[in-house]
Amino acid sequence: MPEGRIVKALSGFYYVADQANPERIVQCRARGLFKKKGAKITPLVGDWVVFEAPNDRDGYVMEIEERTSELVRPSIANVDLAVLVFSAKEPDMSPLLLDKFLVHTEHAGIDAIIVITKADLLEEQDCSRFVAEYEKVGYRVIPTSILDRRGVEQVREELIGKLAVFAGQSGVGKSSLLNAIFPGISLQTGEISQKLGRGRHTTRHVELLPLKEGGYVADTPGFSSLDFINMTELDLAQAFRDFEQRSDECKFRGCLHITEPSCAVQAALQAGEIVEHRYKHYLQFMEELREYLRRNKQW
């Protein structure tokens with residue numbers, strides 16, 4: 001049986017791009033076992049699947065192959081890269097929101113890059129400082145501008161051959177950036193929407209847009225929730241990459257880096273090796289998580 005990737009899910013149908021011929025998209029329903037109450041897994045956009053198609057138009061999803069990653073909101077599987085897009089100005093950069101996005105991508109096991117749009121509006125010194133801070137943490141940071149084309153080619157190279165999700169503040173210019181990277185992608189999006197039956201008034205959903213160079217960009221409604229769902233206090237600590245790099249040096253296993261003695265993270269903070277605002281955000285997120293856990297405690 002052929003294999004392919006689900007590029008869209010809508011109203012009980014799964015649109016599968018045939019791996020052997022990606023331009024062939026088959027409208028599939030899920031096999032009965034996926035619909036049973038208590039089913040352990042249901043198909044998601046991004047899933048690699050085995051499908052059965054008696055003709056070129058219709059078929060059935062028979063098997064779902066093992067996932068490398070999974071996001072809940074938006075619902076998508078096998079994401080290779082999260083592109084976190086934040087503007088230098090208009091709206092102003094929000095390191096707090098950026099760190100929250102990074103927590104969620106780390107917890108999901110998805111690599112991330114940080115893209116700064118409208119970099120031409122930022123003083124070079126301020127831009128360099130921000131880049132240095134997050135590169136020190138371990139993330140690639142790419143300042144971009146659609147006016148002078150800076151960074152556009154670097155972002156394009158990161159996307160090729162991957163399934164990438166764009167996320168970030170609203171109004172930062174994600175669509176303009178994508179159009180600068182892949183000219184004509186808006187037209188391509190319209191063509192795909194028409195082909196897959198996406199109407200003007202259809203509720204927003206996840207859809208994969210193929211790139212001519214190879215790979216997909218996920219057209220999603222965005223991260224609809226950044227609550228710390230299904231996360232423990234230790235999960236949160238481990239989702240800060242710069243903290244996790246030092247955790248083996250802490251005296252106590254499972255150190256949360258707050259009040260524990262002989263904590264390597266607190267020592268690094270005092271030595272100026274950890275960005276202070278990152279640690280402040282961590283404390284804020286920990287309080288949010290504890291409040292969430294208190295509200296949703298299972299008795």
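In the annotation of an unreviewed UniProt entry, the entry for the protein chain reads Small ribosomal subunit biogenesis GTPase RsgA, and the organism field reads Brevibacillus laterosporus LMG 15441. You can read under Subunit (unreviewed entry) in the UniProt record for the protein chain the words "Monomer. Associates with 30S ribosomal subunit, binds 16S rRNA." Regarding the protein chain, the UniProt comment filed under Sequence similarities (unreviewed entry) reads as follows: "Belongs to the TRAFAC class YlqF/YawG GTPase family. RsgA subfamily."

What to know about the side chain of R278
Tracing the sequence through the fold places R278 in helix 10 (residues 276–295). Polar contacts involving the side chain of R278 include one to the side chain of D242, which spans 2.6 Å. In this structure R278 touches D99, L102, Y134, V137, F240, R241, D242 and F243, once residues within four positions along its chain are discounted.

Thoughts on the environment of E287
As for its placement among the helices and strands, E287 is situated in helix 10. Residue classification places E287 among the partly exposed residues on the basis of a relative accessible area of 43%. The spatial distance from the C-alpha of E287 to the C-alpha of E233 is 9.7 Å, given a sequence separation of 54 residues.

A closer look at the packing of aromatic side chains
Applying the stated rule across the entire model yields 8 aromatic pairs. Ring plane angle 40 degrees and centroid distance 4.9 Å describe the contact between F130 and Y134, whose orientation is recorded as tilted. Here Y134 and F130 lie together in helix 3 (residues 124–137), a separation of 4 residues that amounts to about one turn. Both residues of the pair, F130 and Y134, belong to the buried class. With centroids separated by 6.0 Å and ring planes inclined at 50 degrees, the aromatic side chains of F243 and Y279 adopt a geometry described as tilted. Placement of F243 in helix 8 (residues 241–244) and of Y279 in helix 10 is noted, with a sequence separation of 36 residues between them. Residue classification places Y279 among the buried residues on the basis of a relative accessible area of 9%.

Some words on the state of the cysteines
Here a disulfide denotes one covalent bond, and it connects the sulfur atoms of two cysteines. One pass over the full model with this rule turns up 0 disulfides. Free of any disulfide, C255 has its nearest neighbouring cysteine sulfur in C263, separated by 3.8 Å. The class of C255 is buried, set by a relative accessible area of 7%. Classification of C263 as buried rests on a relative accessible area of 6%.

A short note on unusual backbone geometry
Of note, the amide linkage connecting E90 to P91 takes the cis form, showing an omega dihedral of 5 degrees. Mapped onto the elements of the fold, P91 is located in the loop between strand 8 (81–87) and helix 2 (95–107). The backbone phi angle of S11 is positive, close to 55 degrees, even though this residue is not glycine. Tracing the backbone through its elements, the reader meets S11 in the loop between strand 1 (3–10) and strand 2 (13–18).

Overview of the pattern of salt bridges
Counting across every chain of the model gives 21 salt bridges. The partner of D99 in a salt bridge is R278, with the nearest N and O atoms 2.8 Å apart. Of the two residues, D99 is situated in helix 2 and R278 in helix 10; the sequence distance between them amounts to 179 residues. Given a relative accessible area of 2%, R278 falls into the buried group. The residue E291 makes a salt bridge to R295 at a minimum N-O spacing of 4.0 Å. With E291 and R295 both in helix 10 and 4 residues apart, the pair spans about one turn of that helix. One connected set of salt bridges, linked through shared partners, spans E287, E291, R294 and R295.

Quick word on the pairing of strand 3 (residues 25–30)
The side chains of a regular strand alternate, residue by residue, between the two faces of the sheet. Here strand 3 shows one buried face, formed by V26, C28 and A30, and one open face, formed by I25, Q27 and R29. In this sheet, strand 3 lies alongside strand 2 in antiparallel orientation, the contact comprising 4 bridges. Note on strand 3: the bridge partner recorded for A17 is I25. Counted along the chain from strand 2 to the antiparallel partner strand 3, the turn is 6 residues long. Bridge analysis of strand 3 against strand 5 (residues 58–64) gives 4 bridges, and the strand direction is parallel. Bridge assignment links C28 to a residue of strand 5, and that residue is G59.

Some details on helix 3
Taking 1.5 Å per residue, 14 residues should reach 20 Å; helix 3 reaches 20 Å between its end C-alpha atoms and fits that length. Those residues of helix 3 that sit buried are C127, F130, V131, Y134 and V137. Down the axis of helix 3, the buried side of the element spans an arc of 120 degrees, and every buried residue falls inside it. Seen from the buried face of helix 3, the exposed residues on the opposite side, beyond 90 degrees, are E124, Q125 and K136. If you follow the buried residues of helix 3, they end up packed against helix 2, strand 9 (111–117), strand 10 (140–143), helix 8 and helix 10. Downstream of helix 3 by a residue or two, G138 has a phi angle that is positive, lying close to 125 degrees.

Basis of the calculations
Residues numbered from 1 in each chain as written. Predicted model: local features only at pLDDT ≥ 70, side-chain atom pairs only at ≥ 80, totals over all residues. Heavy atoms only, no water. UniProt positions renumbered as here; feature names shortened; annotations may be inferred. Helix = DSSP H or I, 4+ residues; strand = E, 2+ residues; numbered from the N terminus. Polar contact = N/O pair within 3.5 Å; in protein donor to acceptor, adjacent residues only side chain to side chain. Contact = heavy atoms within 4.5 Å. Buried < 20%, exposed > 50% of the residue type's maximum accessible area, 1.4 Å probe, protein only. Phe/Tyr/Trp six-rings, centres within 6.5 Å; stacked < 30°, edge-to-face > 60°. Disulfide = S-S within 2.5 Å. Salt bridge = Lys/Arg side-chain N within 4 Å of Asp/Glu carboxyl O. Pairing = 2+ DSSP bridges. Expected span 1.5 Å × (residues − 1). Arc of directions from axis to C-beta.

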